[in-house]
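Structure at a glance
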Protein chains: 2
Amino acid sequence: MMASVTGTGESVSAASLRRLPSYRQYLKVLQGMGREVVSCSHIGQALKLNPTQVRKDLAVTGIVGRPKVGYETEALIEAIESFLGWNNLNQAFLVGVGSMGTALLGYDQFNHYGLKIVAAFDNNPSLIGQKIHGHEVLSLDKLTDLAARMHVLVGILTVPAQAAQSVANLMIFGGIRAIWNFAPAPIEVPEGMVVQTEDLFSGFAVLSSRLAEVMGIRRKAGVNADANRR
Amino acid sequence: MMASVTGTGESVSAASLRRLPSYRQYLKVLQGMGREVVSCSHIGQALKLNPTQVRKDLAVTGIVGRPKVGYETEALIEAIESFLGWNNLNQAFLVGVGSMGTALLGYDQFNHYGLKIVAAFDNNPSLIGQKIHGHEVLSLDKLTDLAARMHVLVGILTVPAQAAQSVANLMIFGGIRAIWNFAPAPIEVPEGMVVQTEDLFSGFAVLSSRLAEVMGIRRKAGVNADANRR
DNA sequence: TCTATATCGATAAATATATATCGATAAGTT
DNA sequence: AACTTATCGATATATATTTATCGATATAGA
């Protein structure tokens, strides 16, 4: 009786969605090794995840498995890619040709993820006109108009924090529907748009904290408690 | 009666840790605007988070606030940085000078995050000896020995998936205690070490899925149900 | 000085996520 | 052919995370 079936609401948890790419990645490895079928237990063992969790995650793609056997590797990859919409290419604009932007422009595997960066933009005159990893850098002025004319749906935002909202606005104006935001700033968008903000340092915070723990640098929370007294 | 206080176990959730950098980022902005105190309600509004959640997250740093007022901005920033260990610099090695590695080498703000990349490594002869963003690229052979001699604790892994484990092993041998892993592969490390694996595409999967939803491309789970019949 | 209010800190409730259990079933084994 | 086992799919339980509630308290205003 969960929202999954009760009608309007979408229900796949972000946690599940986030694991799908790692399944796909691993399945590709197995496929490369000629493996035709694979079970949740196997995947779980390789990826250190609970088999039940794997099964539940995969279920969202609509894949059906065979008891005692598992899933067909190829069908499973196909199901994941289809579910995520990675089997038809979306055009994307990238704005901000700094270090992160340049790295993404250099990534030649995006087509396997349903993404094709068709243009790069910046407002730095010394960058405009240059070719970065095969993508010509265009002036930011042209963004909105070009996005509208090309019906580009995805924008990749790799600008500094203070420019994030204004560039996002240009994207919104141009009819872009989903923004992959690498700027360390939250951005406001109208209802019905999709924003996925990536914070490089959120993962690093986890690492830092765990490192501080294992190195014994940080006192445990309980020990800190008397700081509450005044 | 949670693990937080009951003794040995550490308890700060990854979810909380992941939010700390965004608080810090926003607090820096406020500080730049001369704001001396800030409340959880204010932070929550800006970052679209529940105030209670913000309060709970901040509590892990040991900060103490004043009713009706909030927290001192500066003390709060300091508390977050101190909690994450970002106020004393860790030396780090980066391995794999591809697009991601190059981007990270070009990132000049790491010192604000307690990180100083002191050397870069690769096994590509055409890269070795070159300077990338001021960091000389060294041969991979030297990694283990140099890590041990310099007492480097943090390794940044920006190599292709198939090289990930072998390079991780070199790091482990060299005495590195924490690996920030950007390779799309899980890596095995001994007990007591820290691994933080970043998957660029896990976030993209969320974006793809949500985009497919709003564009009405994907049928809902319920509609899919009859695929179960055989 | 007294009252009203925003906020903290702690705790309780609600929600979401992860894990365990169980019947059903497909494939191999005796 | 019956038995055993691994696995699926569904459901139930357990755990984790988020959100709401409540008393205490510091500040502002009457």
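Here's what I pulled together on the structure shown here. (Residues numbered from 1 in each chain as written. Chains lettered and ligands numbered in written order. Predicted model: local features only at pLDDT ≥ 70, side-chain atom pairs only at ≥ 80, totals over all residues. Heavy atoms only, no water.)

A few words on the protein's contact with DNA strand C. Taken together, 25 residues sit near DNA strand C, with A:Arg19, A:Thr52, A:Arg66, B:Arg55 and B:Gly65 positioned nearest. Counted by atom, the contact set of DNA strand C within 4 Å of the protein is 68% sugar and phosphate. The separation between a phosphate oxygen of DNA strand C and a polar main-chain atom of B:Gly65 is 2.7 Å. Only helix H1 (14-32) and helix H3 (51-59) of chain A together with helix H2 (40-47) and helix H3 (51-59) of chain B provide two or more residues apiece to the surface near DNA strand C. No other element matches the three residues that H3(A) contributes to the surface near DNA strand C. (Near = heavy atom within 4 Å. Polar contact = N/O pair within 3.5 Å; in protein donor to acceptor, adjacent residues only side chain to side chain. Helix = DSSP H or I, 4+ residues; strand = E, 2+ residues; numbered from the N terminus.)

Our focus in this paragraph is the sheet that holds strand E5 (residues 131-132) of chain B. Residue and element names in this part refer to chain B. If you trace the seven strands from one edge of the open sheet to the other, you get E5-E6-E4-E3-E7-E8-E9, paired in mixed fashion. Looking at which strands have only one partner, the edges of the open sheet turn out to be E5 and strand E9 (194-197). Across the sheet, helix H6 (residues 143-150) touches strand E3 (90-95), strand E4 (115-122) and strand E6 (135-139), and the angle it forms with E3 is around 175 degrees. (Pairing = 2+ DSSP bridges. Contact = heavy atoms within 4.5 Å. Axes fitted to C-alpha atoms, helices over the stretch in contact; angles between N-to-C directions.)

As a further point, take the relation of the copies chain A and chain B. Once turned by 180 degrees and shifted 0.0 Å along the axis, chain A lies on chain B with an RMSD of 0.1 Å. Taken together, the rotation and translation describe the operation of a two-fold axis. For chain A, the smallest separation between a C-alpha atom and the rotation axis is recorded for A:Ala103, amounting to 2.9 Å. Mapped onto chain B, 99% of the interface residues of chain A are again interface residues, and the two copies thus contact each other with one and the same surface. (Least-squares fit on C-alpha atoms with pLDDT ≥ 70 in both.)

Bringing the protein's contact with DNA strand D into the picture now. Near DNA strand D, the surroundings consist of 25 residues, among which A:Arg55, A:Gly65, B:Arg19, B:Thr52 and B:Arg66 are the closest. Each atom of DNA strand D within 4 Å of the protein belongs either to a base or to sugar and phosphate, the latter forming 66%. In the model, a base oxygen of DNA strand D is placed 3.0 Å from a nitrogen or oxygen of the A:Lys68 side chain. Going through the elements one at a time, helix H2 (40-47) and H3 of chain A together with helix H1 (14-32) and H3 of chain B are the ones with two or more residues in the surface near DNA strand D.

As a further point, take the pairing of strand E4 (residues 115-122) of chain A. Residue and element names in this part refer to chain A. Most of E4 sits inside the fold, with six of its eight residues counted as buried. Direction of pairing for strand E3 (residues 90-95) relative to E4: parallel, over a ladder of six bridges. Along E4, the bridge assignment pairs Phe 93 with Ala 119. On the question of chirality, the crossover connecting E3 to the parallel E4 by way of helix H5 (residues 99-105) is right-handed. Taken together, the three bridges between E4 and strand E6 (residues 135-139) define a ladder with parallel strand orientation. Bridged to Ala 120 within E6 is Val 137. (Buried < 20%, exposed > 50% of the residue type's maximum accessible area, 1.4 Å probe, protein only. Right-handed = clockwise from strand over helix to strand, strands pointing away.)

The next point concerns the interface of chain A and chain B. Counting residues at the interface gives 68 residues for chain A, matched by 70 residues for chain B. Taken together, both faces of the contact between chain A and chain B bury some 6100 Å²; the carbon and sulfur share is 68%. Between A:Lys48 and B:Glu188 there is a salt bridge, with the nearest N and O atoms lying 3.6 Å from each other. Run the count over chain A and chain B and you get six residue pairs in polar contact (both at pLDDT 80 or more). At the level of elements, H1, helix H4 (73-84), H5, strand E8 (178-181), strand E9 (194-197) and helix H8 (200-214) of chain A are the ones that each hand at least two residues to the side of chain A that touches chain B. The element contributing the most residues to the side of chain A that touches chain B is H8(A), with 14 residues. Class assignment of the residues belonging to the side of chain A that touches chain B gives a composition of 38 nonpolar, 18 polar and twelve charged. (Buried area = accessible area lost by both parts, 1.4 Å probe. Salt bridge = Lys/Arg side-chain N within 4 Å of Asp/Glu carboxyl O. Nonpolar A, V, L, I, M, F, W, Y, C, P; charged D, E, K, R; others polar.)

Bringing a negative patch on the surface into the picture now. Together, A:Glu36, A:Glu72, A:Glu74 and A:Glu78 make up a region of like negative charge exposed at the surface. In this structure, A:Glu78 sits in helix H4. (Patch = residues over 30% accessible without salt bridge, like charges linked within 9 Å, V, L, I, M, F, W, Y side chains within 5 Å. Areas by Shrake-Rupley, 256 points an atom, 1.4 Å probe, with all protein chains shown as cover. Lys, Arg positive; Asp, Glu negative; His and termini not counted. Charge placed at Lys NZ, Arg CZ, Asp CG, Glu CD.)

With that settled, consider the sheet that holds E9(A). Strand-to-strand pairing in sheets goes through backbone hydrogen bonds, with the strands running parallel or antiparallel. All names here are of chain A. The strand order E5-E6-E4-E3-E7-E8-E9 describes an open sheet built from seven strands, whose pairing is mixed. Strands at the two margins of the open sheet, each flanked by one partner only, are strand E5 (131-132) and E9. The sheet contact formed by E8 and E9 spans four bridges and is parallel. Within E9, the residue paired with Trp 180 across the bridge is Gln 196.

This brings us to a nonpolar patch on the surface. Residues A:Val214, A:Met215 and A:Ile217 make up a contiguous nonpolar surface patch of roughly 250 Å² in combined accessible area. Note on A:Met215: relative accessible area 32%, which makes it partly exposed.

The next point concerns H8(A). All names here are of chain A. Under the 1.5 Å per step criterion, the end-to-end length of H8 is 22 Å for 15 residues, consistent within 8% with the ideal 21 Å. Extensive coverage of H8 is indicated by the burial of eleven of its 15 residues. Where H8 starts, the residue carrying a side-chain oxygen 2.9 Å from the main-chain nitrogen of Phe 201 turns out to be Asp 199. Gly 216, located one to two residues past H8, shows a positive phi value of around 70 degrees. (Expected span 1.5 Å × (residues − 1).)

None of this, on its own, says anything about what the molecule does.
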